[in-house]
Amino acid sequence: SQTIHQWPATLVQPVGSPLSLECTVEGTSNPNLYWYRQAAGRGLQLLFYSVGIGQISSEVPQNLSASRPQDRQFILSSKKLLLSDSGFYLCAWASTSGRGEQFFGPGTRLTVL
Amino acid sequence: DAKTTQPPSMDCAEGRAANLPCNHSTISGNEYVYWYRQIHSQGPQYIIHGLKNNETNEMASLIITEDRKSSTLILPHATLRDTAVYYCIVRVAYNTDKLIFGTGTRLQVFP
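In what follows, the accompanying structure is described. (Residues numbered from 1 in each chain as written. Chains lettered and ligands numbered in written order. Predicted model: local features only at pLDDT ≥ 70, side-chain atom pairs only at ≥ 80, totals over all residues. Heavy atoms only, no water.)

This brings us to the overall build of chain B. Each helix and strand in chain B was counted, giving zero helices and nine strands. Listed N to C, the secondary structure of chain B is β-β-β-β-β-β-β-β-β in terms of helices and strands. Along the longest, intermediate and shortest principal axes, the C-alpha atoms of chain B span 40 × 30 × 25 Å. For chain B, the proportion of its 111 residues judged to be buried stands at 42%. Counting contacts in chain B only where the partners sit at least 6 residues apart, residues at least 24 apart contribute 58% of the total. Within the structure as shown, chain B displays about 5700 Å² of accessible surface, and the carbon and sulfur contribution to it stands at 48%. Positive and negative side-chain charges of chain B, numbering 10 and 10 respectively, have mean locations separated by a distance of 4 Å. (Helix = DSSP H or I, 4+ residues; strand = E, 2+ residues; numbered from the N terminus. Buried < 20%, exposed > 50% of the residue type's maximum accessible area, 1.4 Å probe, protein only. Contact = heavy atoms within 4.5 Å. Areas by Shrake-Rupley, 256 points an atom, 1.4 Å probe, with all protein chains shown as cover. Lys, Arg positive; Asp, Glu negative; His and termini not counted. Charge placed at Lys NZ, Arg CZ, Asp CG, Glu CD.)

Here it is in structure tokens:
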């Protein structure tokens, strides 16, 4: 069966510090991968998605970036965090041969102070 | 992808059926109805999806009207653990593009 991991689970970082969140998927090959963010009390917003190694599409302009160094690894980064980067970050995967379902990880709750 | 309309909140007594409505009057012929839920502080969880026939799985049933302009997610015997925000999404099947989440329905199951 497939599983998706995210770490860390929670993170408190000062403004201006760098960020690296990691997501890995097990039990599937060549998945589509997604990073979403959910601000407090708000809906989910897609940040990035990837259909393959090194292929990243950005949905909204921001000071975040994403990379996919391996087939089942997706990394979200920032060089300098802003207060507005606080939120719940969710990684998700979908099979390219599936029925359109996306499967979400447990999330990382980021607080920027 | 078509837009959906859901009530912002609903209550349900534990053990009773929870019926969550969704309107999608502009749904296209090749678009499916998907349901997800998000329990507090967790990632969204896929529940069920369908095109035009009613669907049932171990989690829920999905009833889609004949004109496909609305649907109802049914949790047959709601438990306290079903308290969550439920999202109705319409999109083309096999589409691996982003999911567009609306505001959903906050279901509160009470003892």
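After that view of the structure, there is still more to cover.
Taken together, the contact between chain B and chain A spans 19 residues of the former and 21 residues of the latter. Here chain B and chain A share zero salt bridges between them. At the boundary of chain B and chain A, one finds two residue pairs in polar contact (both at pLDDT 80 or more). Sorting the residues of the side of chain B that touches chain A by element identifies strand 3 (31-38), strand 4 (45-50) and strand 8 (84-92) of chain B as the ones contributing at least two each. For the side of chain B that touches chain A, the leading source of residues is strand 3 of chain B, giving three residues. Of the residues assigned to the side of chain B that touches chain A, the class counts are nine nonpolar, seven polar and three charged. (Salt bridge = Lys/Arg side-chain N within 4 Å of Asp/Glu carboxyl O. Polar contact = N/O pair within 3.5 Å; in protein donor to acceptor, adjacent residues only side chain to side chain. Nonpolar A, V, L, I, M, F, W, Y, C, P; charged D, E, K, R; others polar.)

Let us look at the sheet that holds strand 4 of chain B. Residues and elements named next belong to chain B. Taken in spatial order, the five strands line up as 1-9-8-3-4 in an open sheet, and their pairing is mixed. Each edge of the open sheet carries a strand with a single partner, namely strand 1 (9-13) and strand 4. The sheet shows a mean angle of 25° between the axes of neighbouring strands, taken without regard to direction. In this sheet, strand 8 lies alongside strand 3 in antiparallel orientation, the contact comprising eight bridges. By the bridge assignment, Tyr-34 is partnered in strand 8 with Ile-89. (Pairing = 2+ DSSP bridges. Axes fitted to C-alpha atoms, helices over the stretch in contact; angles between N-to-C directions.)

So, about the layout of surface pockets. Taken as a whole, the largest pocket encloses approximately 490 Å³ of empty space. Together, 24 residues line the largest pocket, and Gln-38 and Arg-42 of chain A together with Gln-38, Val-85 and Arg-106 of chain B are the ones closest to its centre. For the lining of the largest pocket, the secondary-structure elements that each account for two or more residues are strand 8 and strand 9 (105-110) of chain B. Tallied by class, the residues present in the lining of the largest pocket amount to nine nonpolar, 12 polar and three charged. (1 Å grid on protein atoms, 1.4 Å probe; cavity = no way out; pocket = protein on both sides within 12 Å on 5 of 7 lines; lining within 4 Å. Points joined across faces, edges and corners; volume = space filled by probe spheres on them.)

Residue and element names in this part refer to chain A. What the rule picks out here adds up to two disulfides over all chains. Each sulfur in the disulfide pair Cys-23 and Cys-91 lies 2.0 Å from the other. A torsion of -75° about the S-S bond marks the disulfide between Cys-23 and Cys-91 as left-handed. With Cys-23 in strand 3 (residues 19-26) and Cys-91 in strand 9 (residues 87-94), this pair connects stretches of sequence that are 68 residues apart. The buried category is assigned to Cys-23, whose relative accessible area is 1%. The class for Cys-91 is buried, based on a relative accessible area of 0%. (Disulfide = S-S within 2.5 Å.)

Let us look at the packing of aromatic side chains. Under the defined criterion, the tally for this structure stands at 12 aromatic pairs over all chains. Aromatic pair Phe-104 of chain A and Phe-101 of chain B: ring centres 6.0 Å apart, planes at 75°, arrangement edge-to-face. Of this pair, Phe-104 of chain A sits in strand 10 (residues 103-104) while Phe-101 of chain B sits in the loop between strand 8 and strand 9, which puts the two residues in different chains. With respect to class, Phe-104 of chain A is no different from Phe-101 of chain B; both count as buried. One aromatic cluster is present, formed by Tyr-34, Tyr-36, Tyr-49, Trp-93, Phe-103 and Phe-104 of chain A together with Tyr-36, Tyr-46, Tyr-87 and Phe-101 of chain B through successive ring pairs. (Phe/Tyr/Trp six-rings, centres within 6.5 Å; stacked < 30°, edge-to-face > 60°.)

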